[in-house]
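Geometric and topological summary
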Amino acid sequence: AEQALVVLRTQSRLTGTDLAANIALAKQLAKEFRISDTAGLGIVGAGTKFTSSAGKPEETLNFLRAVADLSAAAGRPLSDLQETLRQLAAGGAVQESALDKIGGGVNPSQIFEAFGKSVGVAADKRTEAQRSLAIYNFLMERAGKVQGVAAESLDTTTGRISALGAAYDNIQTKLGK
């Protein structure tokens with residue numbers, strides 16, 4: 001848990017976001033997604049990095065819920081969410097891998113091309129921030145079609161087992177193990 005907090009503290013400083021607000025968001029997501037507090041910290045850190053790169057740090061909570069819904073709709077467990085978000089924030093081929101997992105097999109170049117046309121920017125002139133914003137917009141639009149799937153997945157047998165694992169992790173963290 002301490003390492004996840006250090007990472008979140010660093011991300012908050014690098015992105016100019018409020019650490020206390022990010023910690024509160026992590027606790028909220030841990031409860032909402034029935035994941036460990038440590039996982040909540042990691043998810044918020046990775047999510048904040050991505051939303052900040054897209055110029056949308058104030059939308060981190062909505063984005064995280066959207067990505068959770070997309071992941072659940074693709075049959076991926078919420079425990080994979082942190083890694084998917086890290087991949088989205090990494091850019092390049094790693095980012096394309098994350099998009100393939102949750103974006104339904106859409107070629108990223110199609111996302112970037114459509115975004116470029118909408119803002120009048122040629123492919124070779126796009127910045128990383130514009131690439132991130134294109135992905136952000138695409139995922140938010142796509143998530144509107146599967147809203148609530150993550151919450152529904154929590155009430156399955158797999159979701160309940162995962163919640164028990166998260167509760168166990170939280171107990172171990174509190175006991176210092």
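What this report covers is the structure whose coordinates are included nearby. The structure presented is a predicted model; accordingly, all values stated were derived computationally and were not measured.

Cut-offs applied
- Residues numbered from 1 in each chain as written.
- Predicted model: local features only at pLDDT ≥ 70, side-chain atom pairs only at ≥ 80, totals over all residues.
- Heavy atoms only, no water.
- Core = buried A, V, L, I, M, F, W, Y, C linked by side-chain atoms within 4.5 Å.
- Buried < 20%, exposed > 50% of the residue type's maximum accessible area, 1.4 Å probe, protein only.
- Helix = DSSP H or I, 4+ residues; strand = E, 2+ residues; numbered from the N terminus.
- Contact = heavy atoms within 4.5 Å.
- Salt bridge = Lys/Arg side-chain N within 4 Å of Asp/Glu carboxyl O.
- Phe/Tyr/Trp six-rings, centres within 6.5 Å; stacked < 30°, edge-to-face > 60°.
- Expected span 1.5 Å × (residues − 1).

This part takes up the nonpolar core. Side chains of a nonpolar character, in soluble globular proteins, are inclined to be buried together. F63, L85, L88 and L139 are the most contacted members of the largest nonpolar core, which totals 37 residues. Put simply, the parts of the chain that give this core at least two residues each are α1 (2–15), α2 (19–33), α3 (37–53), α4 (60–73), α5 (81–90), α6 (92–102), α7 (108–119) and α8 (128–143). Leaving out residues up to four positions away in the same chain, L88 has contacts with F50, F63, Q95, A98, L99, I102, I135 and L139.

Per the counting criterion, the structure on display carries five salt bridges. The residue E128 makes a salt bridge to R131 at a minimum N-O spacing of 3.6 Å. On the criterion of helical spacing, the pair formed by E128 and R131 is a turn pair, its members being three residues apart in helix α8.

On inspection of all chains with the given rule, the structure shows two aromatic pairs. One aromatic cluster in this structure is built from F50, F63 and Y136.

On to the environment of L14, then. Turning to its location among the elements, L14 is positioned in helix α1. Residue class for L14 comes out exposed when judged on its relative accessible area of 65%. Distance from L14 to T48, taken between C-alpha atoms, is 10.0 Å for residues 34 residues apart in sequence.

Looking now at α5. Given 3.6 residues per turn, any residue in an α-helix points the same way as the ones three and four places further on. Turning to α5, its buried residues are L81, Q82, T84, L85, Q87 and L88. Residues of α5 that are buried sit in contact with α2, α3, α4, α6 and α8. G91, located one to two residues past α5, shows a positive phi value of around 85 degrees.

With respect to the helices and strands, D69 occurs in helix α4. A relative accessible area of 8% places D69 in the buried class. Residues D69 and A143, spaced 74 residues apart in sequence, show a C-alpha to C-alpha distance of 6.5 Å.

Its location among the elements puts S132 in helix α8. Taking the relative accessible area as the measure of exposure, S132 reaches 5% and is therefore buried. When residues no more than four places from it in sequence are discounted, the contact partners of S132 are F50, S53 and A54.

Next up on the list: α2. For α2, with 15 residues, the first-to-last C-alpha span of 21 Å sits near the 21 Å given by 1.5 Å per residue. The inward-facing, buried residues of α2 contact α1, α3, α4 and α5. Looking one or two places after α2, you find R34, whose phi comes out positive at around 55 degrees.

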